[in-house]
Every structure is written in C-alpha cells, then in structure tokens.
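Structural characterization, general
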Amino acid sequence: GSVVMVSGLHQLKMNCSRVFNLFCLYGNIEKVKFMKTIPGTALVEMGDEYAVERAVTHLNNVKLFGKRLNV
C-alpha cells in the first residue's frame, strides 16, 4: 500500500476511528498508526497511490478542531 503522513491533529479529540472516517472518503484504509514520538501525527496506510493523492488534495490545510492539518 501507500502511506500518507498527517500532522497537526488535535491530540485529545482525534483517535484512530476519526482518522479512519476522515480518510476513508478517499480510498481504502489498511492501517492507521499514531506516532508516539511526534504528538499529533499519524501514518495512514491506504490501498493505492491514487487514494493518497485524493486525500492529500482534499485534506491538506483543512482546519479540524481548530488545528490545520498538514497531509
């Protein structure tokens, strides 16, 4: 699969389910993993590179829970 890194997530309000629901609009999700060493950052493994392109196009710089996502 293809992996996209998303940072700028609200640490208290975002969890794996919410990240999954946000990204599943753009393709199949294989795995969601939060990075413990970088708070507010997650890796999302998607089914193919086209899903990653769609997610980056639609979610980069989107404001969510008062924080701006960097995809």
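All residue numbers refer to position in the chain's written sequence, counted from 1. For this predicted model, a pLDDT threshold of at least 70 governs which residues receive local features, and a threshold of 80 or more governs which side-chain atom pairs are given and counted, while totals over whole chains, interfaces and linings are taken from all residues. Computation of side-chain values covers all heavy atoms of the structure but excludes hydrogens and water.

1. Some words on the overall build of the protein chain
- Strands are runs of DSSP state E lasting at least two residues, helices are runs of H or I lasting at least four, and both sets are numbered from the N terminus onward. For the protein chain, the count of helices and strands is two helices and five strands.
- For a compact globule the rule gives 2.2 Å times the number of residues to the power 0.38, and the radius of gyration it is set against comes from C-alpha atoms. For a compact globule of 71 residues, the expected C-alpha radius of gyration is about 11 Å, and the protein chain comes in at 11 Å, within 12% of that figure.
- The principal-axis extent of the C-alpha atoms belonging to the protein chain is close to 30 × 20 × 20 Å.
- The buried label goes to any residue with under 20% of its type's maximum accessible area, the exposed label to any with over 50%, and the partly exposed label to all in between, with areas taken from a 1.4 Å probe on protein chains only. Here the protein chain holds 71 residues, and the buried ones make up 35% of them.
- Note on contacts: a residue pair is in contact if any heavy atoms of the two residues lie within 4.5 Å. Here the contacts in the protein chain between residues at least 6 apart in sequence split such that 59% fall between residues at least 24 apart.
- We get accessible surface area from the Shrake-Rupley algorithm with a probe of 1.4 Å; when it comes to residues, only the shown protein chains can shield them. Taken as a whole, the protein chain presents about 4600 Å² of accessible surface, with 51% of it coming from carbon and sulfur.

2. A word on the pairing of strand β3 (residues 41-46)
- Summarising the sheet, strand β1 (residues 2-7) and β3 pair through six bridges and their orientation is antiparallel. Looking at β3, one finds that S7 is bridged to T41.
- Strands are treated as partners if at least two bridges between them are detected by DSSP. Looking at chain direction, strand β2 (residues 29-34) and β3 are connected through five bridges and run antiparallel. Residue F34 lies in a different strand from β3, and its bridge partner there is A42.

3. Focus on the UniProt feature "domain: RRM" (unreviewed entry) in the protein chain
- Within this structure's numbering, the places UniProt gives as "domain: RRM" (unreviewed entry) are residues 2-71.
- Within residues 2-71, the helical portion is 27% and the strand portion 31%, while the C-alpha atoms at the span's ends are 13 Å from each other. UniProt positions are given in the numbering used here, feature names are shortened, and annotations may be inferred rather than shown by experiment.

4. Let's talk about the side chain of T41
- With respect to the secondary-structure elements, T41 resides in strand β3.
- On the accessibility criterion, T41 (2% relative accessible area) is buried.
- Contacts of T41, omitting those with residues within four sequence positions, involve M5, V6, S7, L9, F34 and M35.

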